[in-house]
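Analysis of the macromolecular model
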Amino acid sequence: MNGLALLDYGSVLVFALTGALVASRAQLDLVGIAFMACLTAVGGGTVRDLLLDRHPVFWVGQPDYILIACGAAVLVFFTAHLVESRYNWLIWLDSFALSIAAAAGTGAALSLGQTGVVIVLMGVTTGCLGGLMRDVVCNEVPLVLKQGELYVSCAFAGALVAVGLDRLGVEALPTLGACALTCWVLRAGSLVFGWQLPVYKARPPRR
Amino acid sequence: MNGLALLDYGSVLVFALTGALVASRAQLDLVGIAFMACLTAVGGGTVRDLLLDRHPVFWVGQPDYILIACGAAVLVFFTAHLVESRYNWLIWLDSFALSIAAAAGTGAALSLGQTGVVIVLMGVTTGCLGGLMRDVVCNEVPLVLKQGELYVSCAFAGALVAVGLDRLGVEALPTLGACALTCWVLRAGSLVFGWQLPVYKARPPRR
Amino acid sequence: MNGLALLDYGSVLVFALTGALVASRAQLDLVGIAFMACLTAVGGGTVRDLLLDRHPVFWVGQPDYILIACGAAVLVFFTAHLVESRYNWLIWLDSFALSIAAAAGTGAALSLGQTGVVIVLMGVTTGCLGGLMRDVVCNEVPLVLKQGELYVSCAFAGALVAVGLDRLGVEALPTLGACALTCWVLRAGSLVFGWQLPVYKARPPRR
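Residues numbered from 1 in each chain as written. Chains lettered and ligands numbered in written order. Predicted model: local features only at pLDDT ≥ 70, side-chain atom pairs only at ≥ 80, totals over all residues. Heavy atoms only, no water.

1. A word on the interface of chain C and chain B
Definition in use: When checking whether two residues touch, look at their non-hydrogen atoms; a contact exists if any pair is within 4.5 Å. Put simply, buried area is the surface a 1.4 Å probe can reach on two separate parts but cannot reach once they are joined, added for both. One speaks of a salt bridge when a side-chain nitrogen belonging to Lys or Arg is within 4 Å of a carboxyl oxygen belonging to Asp or Glu. Identification of polar contacts relies on pairs of N or O atoms within 3.5 Å, with a donor-acceptor requirement for protein atoms, meaning one able to donate a hydrogen and the other able to accept it, and with residues adjacent in sequence counted only if both atoms are side-chain atoms. Numbering goes from the N terminus for both helices and strands, where a helix is a DSSP run of H or I of at least four residues and a strand is a run of E of at least two. Throughout this entry, Asp, Glu, Lys and Arg are counted as charged residues, while Ala, Val, Leu, Ile, Met, Phe, Trp, Tyr, Cys and Pro are counted as nonpolar. The remaining residues, Gly among them, count as polar.
Taken together, the contact between chain C and chain B spans 26 residues of the former and 32 residues of the latter. The three residues of chain C that bury the most area against chain B are C:Q27, C:F35 and C:H81, which together make up 24% of that side's buried surface. Taken together, chain C and chain B are joined by 0 salt bridges. For the pair chain C and chain B, the interface holds 1 residue pair in polar contact (both at pLDDT 80 or more). At the level of secondary structure, the elements contributing two or more residues to the side of chain C that touches chain B comprise α2 (30–51), α3 (58–61), α4 (64–79) and α6 (116–137) of chain C. Counting residues per element, the side of chain C that touches chain B draws most heavily on α2(C), which supplies 6 residues. Taken together, the residues of the side of chain C that touches chain B sort by class into 19 nonpolar, 5 polar and 2 charged.

Here is the structure:
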């Protein structure tokens, strides 16, 4: 329970930073940046809570989450001009957010005793939907759709690992840690070494 | 009840195929294609269930739906290069998905004894929202917005027919069958014969 | 309670007009325009009700809202060609819709005794999300993201004022009136006099 809340806090903070960074690229004012930070930060977890009928939605019951997201927006507003490449920061922060949020989603579904399929989907949904909303609203190409990069697959693999460990009787904390780590290692490997899965080709490889 | 589940299965399968086809046009890998297939397949029905407060959401209670959508994604991944025109397949599969999903949404609202307005809206929502999410996320022009084609109108007419038949005391199965058929005939007629409603013109027809 | 319903009716009507105007710019037929009018009209309030677990969702329990939105669509369909600048009408109608909807969202959260942070967020969400959905679906640049204009900030300020007055013991009606007025004055000032908050700059002002 406590560990889950910590994951939610972590993913909210890091996703808020990415939302604020994207908003700063669109040259919004402080309130606009805070709006995008909040949307990105709580988007995935909100969908998870609505789908699983968990009420109150995590940030409605505990408004700290929103304050954290707003704090992240203020931080970005005043410091983003100091960094060399905002895009690089965005990509790497997003990789952390994806991993932590995937673990948070997986953990929430595990704690409710859902089936394996639902647990994996909640990991993927919570991990990917915040960033997807950010990119759709800001009219950027969604990271989910970048060719030749692992993204959804990372959350998917992390959630699979978590389900496996849980079935083996491993406790919640190491299970979710392994989930986040698997997800992040795959994403980082994809960014640094170009790891990818075979993509769909319109023509078969050999004719 | 059973008939409703069948409609849900059908619309999930066909919508998943359309989602996978759109994703294959964006050259995603297998997991990305499965993600888009799932989003398209369960998007409309999920919104319907959330709006009507039906819990668990249909695919959370019955994870088969997700497995079907993933199966459709695998099928498309390995066979889509064999078809001549993926766009044609997409359009026609989407017409079936629209019709079946409109009937599924209408049936769900009918079985809950909702008012006529809500029943019609649930038919339209369930029919159109999965495809709309697919197109917005993949940055395609939403089929909903194509000029000079019937789309929303088909689901609307089908749902109207279903409400009428239900009020006349016709049983659920023929009612929903007529709903799906009406929707599909209109859509097919629009695609083949160019049937359309008068569109809005910025200037009046005669000056 | 009654005042709240009135605000909901008002925001539904005006938002429906804006949705229909945007749809008419995309040259849709009457059903397509009605679909966009409904989506815009009830989008923000629906998200509010789902987040706060208020069931039935306001328009599911009271289908009049949908009929009003459809009436607005019919009105726009037959009269929009008479106006000089549809874009001007859109912008100004949207400013009213934003203000009324922000008050409606704030009022709903106030009546449920939510915390201040949640109340403010509900005002912002209800005010901004209908228009955001409209713009994302129709592929327009979201008004939320327009540079150098106050938009989210108006709803934010209005909701803040409402929370303040409520804490001072002012009654619901004047509280929500002040909320809507604050929001609208800021938005109108931004449109007419160019009021804005400092926007984020990639480089610091002085080097």
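2. Side note on the relation of the copies chain C and chain B
So the rule is basically this: Overlaid copies result from least-squares superposition on C-alpha atoms, with residues included only where pLDDT is at least 70 in both.
For the pair chain C and chain B, the best superposition has an RMSD of 0.0 Å and corresponds to a rotation of 120° with a translation of 0.0 Å parallel to the axis. Expressed as an axis order, the relation between the two copies is that of a three-fold axis. A different interface surface on each copy is seen, since only 8% of the contact residues of chain C are contact residues in chain B too.

3. Side note on empty space enclosed by the protein
Note the threshold: With a 1 Å grid spanning the protein atoms alone, the term cavity applies to any set of points in which a 1.4 Å probe fits but cannot get out, the term pocket to an open set with protein on both sides within 12 Å along at least five of seven lines, and the term lining residue to any residue with an atom within 4 Å of a point. Grid points are joined across faces, edges and corners, and a volume is the space filled by probe spheres set on the points.
Summed over all chains, the structure comprises 8 cavities of 30 Å³ or more. Of the voids in this model, the largest cavity is the one considered here, and its volume is about 200 Å³. Surrounding the largest cavity, 18 residues form its lining, A:V136, A:N139, B:V136, B:N139 and C:N139 being those nearest its centre. Of all elements in the fold, only α6 (116–137) of chain A, α6 (116–137) of chain B together with α6 of chain C reach the threshold of two or more residues within the lining of the largest cavity. For the lining of the largest cavity, the per-class residue count stands at 9 nonpolar, 3 polar and 6 charged.

4. Concerning the relation of the copies chain A and chain B
Rotating chain A by 120° and translating it 0.0 Å along the rotation axis places it on chain B, where the RMSD comes to 0.0 Å. Interface overlap between copies: only 6% of the residues of chain A at the interface are likewise at the interface in chain B, consistent with a contact formed by different surfaces.

5. What about the nonpolar core?
The following threshold applies: Nine residue types can take part in a nonpolar core, namely buried Ala, Val, Leu, Ile, Met, Phe, Trp, Tyr and Cys, and a core is a set of them joined through side-chain atoms within 4.5 Å. Here's how the labels work: a residue is buried when its accessible area is under 20% of the maximum for its type, exposed when over 50%, partly exposed in between, all with a 1.4 Å probe on protein chains only.
Core analysis: the largest hydrophobic core is formed by 225 residues, its most contacted members being A:W59, B:W59 and C:W59. Aside from chain neighbours lying at most four places away, what touches C:W59 is B:L51, B:V118, B:L121, B:M122, C:V42, C:T46, C:Y65 and C:I66.

6. Quick notes on the interface of chain A and chain B
Contacts between the two partners involve 32 residues from chain A, matched on the other side by 26 residues from chain B. Approximately 2,600 Å² of surface area, both sides summed, lies buried where chain A meets chain B, with 72% of it carried by carbon and sulfur atoms. Here chain A is connected to chain B by 0 salt bridges. Where chain A packs against chain B, one counts 1 residue pair in polar contact (both at pLDDT 80 or more). Looking at the side of chain A that touches chain B, the elements with two or more residues in it are α2 (30–51), α6 and α7 (152–167) of chain A. Split into classes, the residues belonging to the side of chain A that touches chain B amount to 24 nonpolar, 4 polar and 4 charged.

7. Some thoughts on helix α7 (residues 152–167) of chain C
Note the cut-off: In this analysis, the expected span of each helix is defined as 1.5 Å times one less than the number of residues it contains.
Between the first and last C-alpha of α7(C) there are 23 Å, a value that for 16 residues agrees with the 22 Å anticipated at 1.5 Å per step. Within the span of α7(C), buried status applies to C:V152, C:S153, C:C154, C:A155, C:A157, C:G158, C:A159, C:A162 and C:V163. Among the structural elements, α2 of chain A together with α5 (86–111), α6 and α8 (172–193) of chain C are those in contact with the buried residues of α7(C). Remark: C:G169 follows α7(C) within two positions and exhibits a positive phi of approximately 90°.

8. Here we look at the packing of helix α7 (residues 152–167) of chain B against helix α8 (residues 172–193) of chain B
Residue and element names in this part refer to chain B. Rules: Only C-alpha atoms enter the line fits that serve as axes; for helices the fit covers just the stretch in contact. Angles between N-to-C directions range over 0 to 180 degrees. Throughout this description, any angle smaller than 35 degrees is read as roughly parallel, any larger than 145 degrees as roughly antiparallel, any in the 65 to 115 degree range as roughly perpendicular, and the remainder as oblique. Crossings are sorted by hand: turned counterclockwise from the far helix by less than a right angle, the near helix makes the crossing left-handed, and turned clockwise it makes it right-handed.
Between α7 and α8, the shortest axis-to-axis distance is 8 Å and the interhelical angle comes to 155°. Here α7 lies roughly antiparallel to α8, going by the angle between them. Considering the relative orientation of α7 and α8, their crossing is right-handed. Contact residues: C154, A155, A157, G158, A159, V161, A162, L165 and D166 in α7; T175, A178, C179, T182, C183, L186 and R187 in α8. Here the residues of the contact of α7 with α8 sort into 11 nonpolar, 3 polar and 2 charged.

9. Some points on α4(C)
Residues and elements named next belong to chain C. Inclusion rule: Here, the arc refers to the directions that run from the helix axis to the C-beta atoms.
Between its terminal C-alpha atoms α4 stretches 22 Å, which fits the 22 Å expected from 16 residues at 1.5 Å a residue. Where α4 is concerned, the buried positions are Y65, I66, A69, A72, A73, V76 and F77. With its buried residues spanning 135° around the axis, α4 presents them on a single face. Within α4, the exposed residues directed more than 90 degrees away from the buried face are L67 and F78.

10. Things to note about unusual backbone geometry
Put simply, A:H55 and A:P56 share a cis peptide bond, and its omega is -5°. Along the polypeptide, A:P56 turns up in the loop between α2 and α3 (58–61). One non-glycine residue, B:Q27, lies in positive phi territory at about 55°. The exposure class of B:Q27 is partly exposed, given its relative accessible area of 25%.

11. Concerning the pattern of salt bridges
For the coordinates displayed, the defined rule picks out 24 salt bridges over all chains. Here A:R48 and A:D8 are joined by a salt bridge, their closest N and O atoms 3.4 Å apart. With A:R48 in helix α2 and A:D8 in helix α1 (residues 2–25), this pair connects stretches of sequence that are 40 residues apart. What makes A:D8 buried here is its relative accessible area of 9%. Among the salt bridges present, the one from C:D49 reaches C:R48, with a minimum N-O distance of 3.1 Å. Of the two residues, C:D49 and C:R48, neither departs from the other in class, the shared state being buried.

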